[in-house]
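Here are the chains, one letter per residue:
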Amino acid sequence: MSEFKIISGSWASLASAVKPIREAVFIQEQQIAPEDEWDAEDAVSLQFAVYDQQQVIATARLLENGSIGRVAVLKAHRGLGIGKQLMLEIIRQAKRQQRSFVKLSAQEHAIPFYAALGFQVQGETYLDCGIVHVDMQMVLEEAIKI
Ligand code: COA
């Protein structure tokens, strides 16, 4: 894996960085409708952008209610540990914010990715935007040491 850095900030400061990633991954690759992808939560979320040199290669957001969402790594950069490092940084920030838990709605294929980080499945699967999802949660006191 080459050198990369993770930046966090407001939607105002990071929208131009993260929008192309979500456009490529969710709208183009996963065929999510644009009206489902862009919502009012962006403006009140803490946004994350992963940079490889000058190129943005991954993103995610942390909502005010402790939900992590829109976790996306560009296809060419997957399987290199970038998604994991991004999630660990979000968890670190959530701990700094004194949160007692973080949660997310996981696409079915990504359950093992989140489970390896310490997230646990909550309840049954459901359809969202035509994709099977399940709720997952991590109690931060029990989170892996980071
Ligand atoms: N299924 C099973 N295991 C997976 C996985 C998947 N889909 N994706 C990653 N993993 C595992 C890896 O094997 C790795 O295990 P290891 O630590 O034992 O080697 C670990 O999770 C970390 O993988 P990493 O390389 O950091 O993941 P990534 O950078 O490829 O990012 C996603 C993972 C899911 C974010 C990425 O595949 C992606 O952006 N997918 C498209 C968008 C998406 O579906 N986002 C999730 C919405 S809920």
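Residues numbered from 1 in each chain as written. Predicted model: local features only at pLDDT ≥ 70, side-chain atom pairs only at ≥ 80, totals over all residues. Heavy atoms only, no water.

Taking an unreviewed UniProt entry as the reference, the chain is identified by name as GNAT family N-acetyltransferase belonging to Acinetobacter tianfuensis.

### Focus on the layout of surface pockets
Computed from the structure, the largest pocket encloses a volume of approximately 910 Å³. Contributing to the lining of the largest pocket are 39 residues, with F26, R70, V71, Q107 and Y114 lying nearest its centre. When residues of the lining of the largest pocket are traced back to their parent elements, those giving at least two are α1 (11–29), α2 (34–37), β4 (67–73), α3 (82–96), β5 (101–107), α4 (111–117) and β7 (131–139). Sort the elements by how many residues they give to the lining of the largest pocket and β4 lands first, with seven residues. Here the residues of the lining of the largest pocket are counted per class, giving 18 nonpolar, ten polar and eleven charged. (1 Å grid on protein atoms, 1.4 Å probe; cavity = no way out; pocket = protein on both sides within 12 Å on 5 of 7 lines; lining within 4 Å. Points joined across faces, edges and corners; volume = space filled by probe spheres on them. Helix = DSSP H or I, 4+ residues; strand = E, 2+ residues; numbered from the N terminus. Nonpolar A, V, L, I, M, F, W, Y, C, P; charged D, E, K, R; others polar.)

### Considerations on unusual backbone geometry
Its identity is not glycine, yet Q53 carries a phi of approximately 55°, on the positive side. If you check the backbone angles, Q98 has positive phi at about 65° while not being a glycine. The residue Q98 is located in the loop between α3 and β5 in this model. Residue classification places Q98 among the exposed positions, given a relative accessible area of 70%. (Buried < 20%, exposed > 50% of the residue type's maximum accessible area, 1.4 Å probe, protein only.)

### Thoughts on the sheet that holds strand β2 (residues 46–52)
Adjacent strands of a sheet form backbone hydrogen bonds with each other and so pair up, either parallel or antiparallel. If you trace the seven strands from one edge of the open sheet to the other, you get β1-β2-β3-β4-β5-β7-β6, paired in mixed fashion. Either end of the sheet is taken by a strand with one partner, and the two such strands are β1 (4–9) and β6 (120–128). Each strand axis lies, on average, 25° off the axis of its neighbour in the sheet, ignoring direction. Lying over the sheet, α1 contacts β1, β2, β3 (55–62), β4 and β5, oriented at roughly 70° with respect to β2. (Pairing = 2+ DSSP bridges. Axes fitted to C-alpha atoms, helices over the stretch in contact; angles between N-to-C directions. Contact = heavy atoms within 4.5 Å.)

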